[in-house]
Amino acid sequence: MKIPTLLAAALILAACGKPAAPKATQAETAAEPTVQDTGALNVYSARHYDSDKLMYDAFEKDTGIRVRFRESGAPELIETMKAEGEASPADVIIASDAGTLFRFQDAGFTQGVQSDALEAAIPEHFREPGGNWFGLARRARVIVYDPARLQPEEVDQYADLANGRLQGEICMRSSSNIYNLSLMGEFIGRWGSDEAAAWARNVVANFARQPQGGDTTQIQSIAAGECSAALINHYYWVRLSTGSDADRATAAKTRLSFPEQDDVGTHVNVTAAAVAAHAPNKDNAVRFIEWLATPQGQQMLTTETKEFPMVAGVPLPEGLAALPDFKQSDFPLEQLGQNQSEAQEIYDRAGWN
């Protein structure tokens, strides 16, 4: 019998109490399946993109596996899984940043799996060594700057943001943001704690204002003349550069620098997927992650987000071809999470709120 297309929508988590299970599709309601059905898959995702719903729909059409999903922030999903315990219906966890995946793994919510298909498609550097998660898209943490106020050579190293000549010129988002925590995690591993802490203190001394907003806010602040440089993930700038006329005008007032090209390379992170520790549909979970590593899955995963596809040969989303080829850091991604607590302590001592 032909499986109907996906009609599920993300369930809004309750403000308190034990969360409900992911919402079922109309087809599931009619057939009264359970989460243990061989034809089911439950996805817990910390992403929030309309294209992901189309992605689930395409997987369901390709495989006949019914997809149900829950979308929320990573901290909320972690609390949900704590409340659910071993009865959690989660099969797959999708989240951005290796530091976030570390939090799920550290809480005991992932399991190591082996897949020849994933090992063939995904470079070893972008896979957790024990198979606890697999990177499916790449993002670079770059410097965005005002070319009318700064020359490229003034911002071609992360250390440049701590240079005293940029006093009053730096905008940033909160230090508790996982992107900044993971970047600091690499600095701790490469430079040592003392040098990393000195960098944070000197960047804070260069702040034009207290940290606020997200990465897009930093680009907008530079375009408005509030500051001259900031840290962002590359795709926020690409989205503006391919967006509305107003967005394009904002992006046009700024430039991107991919730091450390003459040294270790630019910090690169991932969007990744993991098989949940108590997945009732483990085989389907592995099959779904393998599908995300196919050309179709890669395109659906990255077209809206503007991340770099992980798998070689997959066409780039609109706007990425305008970015230069760049050297990527090879720092072990699993160590970013391991250094996370120390990273936050360094930021806190520096006064980076």
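A quick note: this is a predicted structure, and the numbers were derived from the prediction, not measured.

Draft legend 1. Main features of the pairing of strand 2 (residues 66-71). Across the six residues that make up strand 2, a large majority, six, are buried. Every second residue of strand 2 is oriented toward a common face, with Arg 66, Arg 68 and Arg 70 on one face and Val 67, Phe 69 and Glu 71 on the other, all of them buried. By the bridge criterion, six bridges tie strand 1 (residues 40-45) to strand 2 in an arrangement that is parallel. What sits directly across from Tyr 44, in strand 2, is Arg 70. The handedness of the strand 1 to strand 2 crossover, carried by helix 2 (residues 50-63), is right-handed.

Draft legend 2. Layout of the pairing of strand 5 (residues 134-145). Here strand 5 lies mainly inside the structure; 12 of its 12 residues are buried. Summarising the sheet, strand 5 and strand 8 (residues 268-276) pair through six bridges and their orientation is antiparallel. Bridging across to strand 8, Gly 135 finds its partner in Ala 272. With two bridges connecting them, strand 5 and strand 9 (residues 308-309) associate as antiparallel partners.

Draft legend 3. Spotlight on the state of the cysteines. Applying the stated rule across the entire model yields one disulfide. Disulfide pairing places Cys 171 opposite Cys 227 at an S-S distance of 2.0 Å. For the disulfide bridge between Cys 171 and Cys 227, the dihedral angle about the S-S bond is near -115 degrees, and by the sign convention the bridge is left-handed. Separated by 56 residues along the polypeptide, Cys 171 in the loop between strand 5 and helix 6 (178-191) and Cys 227 in the loop between helix 8 (215-223) and strand 6 (229-233) bring together distant segments of the chain. We classify Cys 227 as buried; its relative accessible area is 0%.

Draft legend 4. Representation of helix 7 (residues 193-205). Helix length check: helix 7 (13 residues) gives 19 Å between terminal C-alpha atoms against 18 Å at 1.5 Å per residue, within 8%. Of the positions making up helix 7, those classed as buried are Ala 196, Ala 197, Trp 199, Ala 200, Val 203 and Val 204. For helix 7, the angular spread of buried residues about the axis comes to 155 degrees, placing them on one side. Tucked inside the fold, the buried residues of helix 7 contact helix 6, strand 6 and helix 14 (340-350).

Draft legend 5. Quick look at the layout of surface pockets. One number sums up the size of the largest pocket: a volume of about 340 Å³. Lining the largest pocket are 21 residues, and of these Ala 46, Ala 74, Ser 96, Ile 178 and Tyr 179 sit closest to its centre. When residues of the lining of the largest pocket are traced back to their parent elements, those giving at least two are helix 3 (74-84), strand 3 (92-96), helix 4 (98-106), helix 6 and helix 9 (234-241). At three residues, helix 9 tops the list of elements feeding residues into the lining of the largest pocket.

Draft legend 6. Looking closely at the packing of helix 9 against helix 10 (residues 245-252). Viewed as axis vectors pointing N to C, helix 9 and helix 10 meet at an angle of 130 degrees, and their least axial separation amounts to 7 Å. Judged on the interaxial angle alone, helix 10 and helix 9 are oblique. Only Asp 247, Arg 248, Thr 250 and Ala 251 of helix 10 make contact with helix 9, whose side of the interface consists of Trp 237, Leu 240 and Ser 241. Here the contact of helix 9 with helix 10 is composed, by residue class, of three nonpolar, two polar and two charged.

Thresholds, definitions, all that
- Residues numbered from 1 in each chain as written.
- Predicted model: local features only at pLDDT ≥ 70, side-chain atom pairs only at ≥ 80, totals over all residues.
- Heavy atoms only, no water.
- Buried < 20%, exposed > 50% of the residue type's maximum accessible area, 1.4 Å probe, protein only.
- Helix = DSSP H or I, 4+ residues; strand = E, 2+ residues; numbered from the N terminus.
- Pairing = 2+ DSSP bridges.
- Right-handed = clockwise from strand over helix to strand, strands pointing away.
- Disulfide = S-S within 2.5 Å.
- Expected span 1.5 Å × (residues − 1).
- Arc of directions from axis to C-beta.
- Contact = heavy atoms within 4.5 Å.
- 1 Å grid on protein atoms, 1.4 Å probe; cavity = no way out; pocket = protein on both sides within 12 Å on 5 of 7 lines; lining within 4 Å.
- Points joined across faces, edges and corners; volume = space filled by probe spheres on them.
- Axes fitted to C-alpha atoms, helices over the stretch in contact; angles between N-to-C directions.
- Parallel < 35°, antiparallel > 145°, perpendicular 65-115°, else oblique.
- Nonpolar A, V, L, I, M, F, W, Y, C, P; charged D, E, K, R; others polar.

Limitation: the analysis is restricted to geometry and does not speak to function.
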